[in-house]
Amino acid sequence: MVASLLTVNNVHKRFVTRRNWLGKPLQTVQALRGVTLQVQPAEALGIVGESGCGKSTLARIIMQLDTPDQGEVLWQPVVDPNDDKTTGASAINLCALPAGQLRALRPGFQMVFQNPYTSLNPRLTIEQTLTEPLQVHGVGNNAQGRRALAEALLAQVGLEADALKKYPQAFSGGQRQRIGIARALALNPKLLVADEPVSALDVSIQAQILNLFKQLQAERQIALLFIAHNLDVVRYLCDRVAVMYLGQIIELTDTQSLFERPMHPYTQALMQARPIAEPFLARQRRDGAASGLTGEPPSPVNPPSGCAFHPRCPYAVAACAQQVPPLAQVNAQQGHQVACIRAHEWSEGLATRV
Ligand code: SF4
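Read on for a plain summary of the structure. Because the structure is a prediction, the values reported are computed rather than measured.

**Observations regarding the overall build of the protein chain**
Next, step 1: Within the protein chain, the secondary structure is distributed over 11 helices and 12 strands.
Next, step 2: Counting all 354 residues of the protein chain, 48% fall into the buried class.

**Examining the pattern of salt bridges**
Next, step 1: All chains considered together, the criterion is met by nine salt bridges.
Next, step 2: Residue Lys-13 is joined to Asp-69 by a salt bridge in which the shortest nitrogen-to-oxygen separation is 4.0 Å. Of this pair, Lys-13 sits in strand E1 (residues 6-19) while Asp-69 sits in the loop between helix H1 (55-62) and strand E4 (70-75), and the two are 56 residues apart along the sequence.
Next, step 3: Here Asp-69 falls in the partly exposed class, since its relative accessible area comes to 48%.

**Considerations on the nonpolar core**
Next, step 1: If you look at the biggest cluster of nonpolar residues, it comprises 64 residues, and the most contacted ones within it are Ile-181, Leu-192, Phe-213, Leu-224, Phe-226 and Val-243.
Next, step 2: Excluding residues within four positions of it along the chain, Phe-213 makes contact with Val-112, Ile-181, Leu-192, Ala-194, Pro-197, Leu-224, Phe-226 and Leu-237.
Next, step 3: Listed in part, the 33 residues of the second largest apolar core include Leu-5, Leu-97, Ile-227 and Ile-249.

**Observations concerning helix H6 (residues 203-220)**
Given 3.6 residues to a turn, an α-helix orients residues that are three or four positions apart in the same direction.
Next, step 1: With 18 residues, H6 extends 26 Å between its outermost C-alpha atoms, agreeing within 8% with the 26 Å of an ideal straight helix rising 1.5 Å per residue.
Next, step 2: Gln-221 sits one or two positions beyond H6 and adopts a positive phi of about 55°.

**Quick notes on the side chain of Gln-110**
Next, step 1: Structurally, Gln-110 is set in strand E6 (residues 109-112).
Next, step 2: Of note is the side chain of Gln-110, whose polar atom sits 2.8 Å from the backbone oxygen of Arg-106.
Next, step 3: With residues up to four places along the chain from it excluded, the contact list for Gln-110 reads Met-63, Ala-184, Leu-187, Pro-189, Leu-191, Leu-192 and Val-193.

**Overview of the sheet that holds E4**
As a general point, the strands of a sheet are linked pairwise by backbone hydrogen bonds and lie either parallel or antiparallel.
Next, step 1: Here four strands make up an open sheet; going across it, the order is E2-E1-E4-E5 and the pairing antiparallel. Every interior strand has two partners, whereas the edge strands, strand E2 (25-39) and strand E5 (92-93), have only one.
Next, step 2: As judged from the two bridges shared by E4 and E5, these two strands associate in the antiparallel manner. Within E5, the residue paired with Trp-75 across the bridge is Ile-92.

**Regarding the packing of helix H5 (residues 173-185) against H6**
Next, step 1: Close contact between H5 and H6 brings their axes to 10 Å; oriented N to C, the two are set at 20°. Classed by the angle they form, the pair H5 and H6 counts as roughly parallel. As H5 runs across H6, the sense of the crossing is right-handed. Residue-level inspection shows Gly-174, Gln-177, Arg-178, Ile-181 and Leu-185 of H5 in contact with H6, the latter providing Ile-205, Gln-208, Ile-209, Leu-212, Phe-213, Leu-216 and Arg-220.
Next, step 2: A class-by-class count of the residues in the contact of H5 with H6 yields seven nonpolar, three polar and two charged.

**Concerning the side chain of Gln-64**
Next, step 1: With respect to the element layout, Gln-64 can be found in the loop between H1 and E4.
Next, step 2: The class for Gln-64 is buried, based on a relative accessible area of 13%.
Next, step 3: Of the polar contacts made by the side chain of Gln-64, one reaches the backbone oxygen of Ile-61; its length is 2.8 Å.
Next, step 4: Residues contacting Gln-64, with those up to four places away along its chain left out, are Val-73, Leu-94, Cys-95, Leu-102 and Arg-106.

**A short note on the packing of aromatic side chains**
Next, step 1: On inspection of all chains with the given rule, the structure shows five aromatic pairs.
Next, step 2: Arranged with centres 5.2 Å apart and planes meeting at 65°, the rings of Trp-75 and Phe-109 form a pair that is edge-to-face. With Trp-75 in strand E4 and Phe-109 in strand E6, this residue pair connects regions lying 34 residues apart in the sequence.
Next, step 3: Of the residues examined, Trp-75 reaches a relative accessible area of 1% and is grouped as buried.
Next, step 4: Overall, Phe-109 belongs to the buried group, its relative accessible area being 1%.
Next, step 5: For the ring pair Tyr-245 and Phe-309, a centre distance of 5.1 Å and an interplane angle of 85° mean the geometry is edge-to-face. Separated by 64 residues along the polypeptide, Tyr-245 in strand E9 (residues 240-245) and Phe-309 in the loop between helix H10 (279-287) and strand E11 (328-331) bring together distant segments of the chain.
Next, step 6: For Tyr-245, a relative accessible area of 3% puts it in the buried group.
Next, step 7: Taking relative accessible area as the criterion, Phe-309 reaches 2% and is therefore assigned buried.
Next, step 8: Members of the aromatic cluster, joined through ring pairs, are Tyr-245, Tyr-266 and Phe-309.

Rules used throughout
Residues numbered from 1 in each chain as written. Predicted model: local features only at pLDDT ≥ 70, side-chain atom pairs only at ≥ 80, totals over all residues. Heavy atoms only, no water. Helix = DSSP H or I, 4+ residues; strand = E, 2+ residues; numbered from the N terminus. Buried < 20%, exposed > 50% of the residue type's maximum accessible area, 1.4 Å probe, protein only. Salt bridge = Lys/Arg side-chain N within 4 Å of Asp/Glu carboxyl O. Core = buried A, V, L, I, M, F, W, Y, C linked by side-chain atoms within 4.5 Å. Contact = heavy atoms within 4.5 Å. Expected span 1.5 Å × (residues − 1). Polar contact = N/O pair within 3.5 Å; in protein donor to acceptor, adjacent residues only side chain to side chain. Pairing = 2+ DSSP bridges. Axes fitted to C-alpha atoms, helices over the stretch in contact; angles between N-to-C directions. Parallel < 35°, antiparallel > 145°, perpendicular 65-115°, else oblique. Left-handed = near helix turned anticlockwise from the far one by under 90°. Nonpolar A, V, L, I, M, F, W, Y, C, P; charged D, E, K, R; others polar. Phe/Tyr/Trp six-rings, centres within 6.5 Å; stacked < 30°, edge-to-face > 60°.

Have a look at this one:
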């Protein structure tokens, strides 16, 4: 088995939202509470959940744009998806690296941002935007060589070479996101972290950008960590999906298993909100075995005790308010992991409302 390209290990993050006049914290938000996951080489992993569940904080910590309070982000720079000899090579904890060493590894993991209207510098031409990272990391022999690389990048994302001399303002949102993707690809990364990259675009453009991600991921064999709030987007793009709720991963499995047999009550409720028919869900709805989400998400300032979903869960029992359910495997063949103390009942089809 090939080593994981990226391992996020028990990451916690808390933000101070209010301080007193001495600067002492008065109120904090628990953005991430013990997140653990792995990304394999060349796989597409989706992260889904409601706004404020910690998805973007997780992306920023993976990209080292934020530091975790606890936990580590391990990067395996030499892993090769076609070479199992890379198994066992030692991974590097990005969170503990000095700035210079981190900078040297940065070409391996790049980010596509949510808003293409703010992520490109309006004062730089597209040529400057694309050749800047090449210059910083010493790629290309000279300006002419880097220009040729920039032209090739534009071609890969479906734009003409004459875009190079223009400024971002000359392009539509979809075209700007293509340029953002080209910039993220410039240093030939092994991992692309995309934080809701289509949510700011018109619906008619979203499918084109999703197709581009799918095509590039297949052609370049890069790993993709794709953050979205739309389940159907990750279903289209991703091999596996992690569902987050209030700073924790509550379900993680391959995409087919998640959509055919969601086991966590929160995932089931998210599925119910989708406007498409699924045989398993249709049966659940008909039997009244799951309800949609009720109530507002609890405040991350003061998350509920035990299972954070228990105030909204139709299956909650007394123990749910006391025990924090770990993310545990319920199906060894599919590696289906669920954080629910009643998960084995779901897997055996015994679930009943209390
Ligand atoms: Fe619902 Fe309890 Fe499972 Fe949480 S642990 S999802 S409250 S049944």
